[in-house]
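Inside the fold
This is what each chain is made of:
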Amino acid sequence: MLQPIRTKYRKHHRGKRGGLAVTGSTLEFGNYGLRALTPGWLTSRQIEACRRTIVHHLERGGQIWIRIYPDKSATSRPLETRMGGGKGAVDHWVAVVRRGCMLFELSGVPDQIARDALRLAQYKLPIKTAIIKRDALI
């Protein structure tokens, strides 16, 4: 699973997820991409599930780029604990995704295979996404 080797601070504030993605919102590497239409957090497990789905459908062909990285820690308290006692321990890592952020990119595969692979990856995500083709929207 993806997670940073070391960070400056162990625990992060939750922060705001609204607004548009300024950087990382266009196709840079591949011919097909998966773009976020709603903001949210994507965990390292969800990113890995998408990656595995895409690689499995491409049958080890083409090239894939993962454009997001889970570098924010999300904490949780143990179940049935009383209030107080500070913030919980780091539970998992998340990537902050804003509207318009490019999540994955593909190239080197036929059109229909790329669409099918990205469509299968859409099912693994908790946010709404759109499949983007270079030159036009699909």
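What counts and how
- Residues numbered from 1 in each chain as written.
- Predicted model: local features only at pLDDT ≥ 70, side-chain atom pairs only at ≥ 80, totals over all residues.
- Heavy atoms only, no water.
- Phe/Tyr/Trp six-rings, centres within 6.5 Å; stacked < 30°, edge-to-face > 60°.
- Helix = DSSP H or I, 4+ residues; strand = E, 2+ residues; numbered from the N terminus.
- Buried < 20%, exposed > 50% of the residue type's maximum accessible area, 1.4 Å probe, protein only.
- Lys NZ or Arg CZ within 6 Å of the ring centre and 35° of its normal.
- Axes fitted to C-alpha atoms, helices over the stretch in contact; angles between N-to-C directions.
- Parallel < 35°, antiparallel > 145°, perpendicular 65-115°, else oblique.
- Left-handed = near helix turned anticlockwise from the far one by under 90°.
- Contact = heavy atoms within 4.5 Å.
- 1 Å grid on protein atoms, 1.4 Å probe; cavity = no way out; pocket = protein on both sides within 12 Å on 5 of 7 lines; lining within 4 Å.
- Points joined across faces, edges and corners; volume = space filled by probe spheres on them.
- Nonpolar A, V, L, I, M, F, W, Y, C, P; charged D, E, K, R; others polar.

**A closer look at the packing of aromatic side chains**
Per the counting criterion, the structure on display carries 1 aromatic pair. Arranged with centres 5.7 Å apart and planes meeting at 20 degrees, the rings of F29 and W65 form a pair that is stacked. Of this pair, F29 sits in the segment before β1 (32–36) while W65 sits in strand β3 (residues 63–66), and the two are 36 residues apart along the sequence. Overall, F29 belongs to the partly exposed group, its relative accessible area being 47%. The ring of W41 carries R17 above its face, with NZ or CZ at 4.7 Å from the centroid.

**Remarks on the packing of helix α1 (residues 44–58) against helix α2 (residues 111–122)**
Running from amino to carboxyl end, α1 crosses α2 at an angle of 150 degrees, the nearest separation of the two axes being 8 Å. With respect to each other, α1 and α2 are oriented roughly antiparallel. The crossing of α1 and α2 is right-handed. Judged by residue contacts, C50, T53, I54, H57 and L58 of α1 engage I113, D116, A117, L118, L120 and A121 from α2.

**Brief notes about the layout of surface pockets**
Approximately 190 Å³ is the volume attributed to the largest pocket. Taken together, L20, A21, V22, T23, G24, R67, I68, V96, V97, R98, C101 and M102 form the lining of the largest pocket. Classifying every residue of the lining of the largest pocket by side-chain character gives 8 nonpolar, 2 polar and 2 charged.

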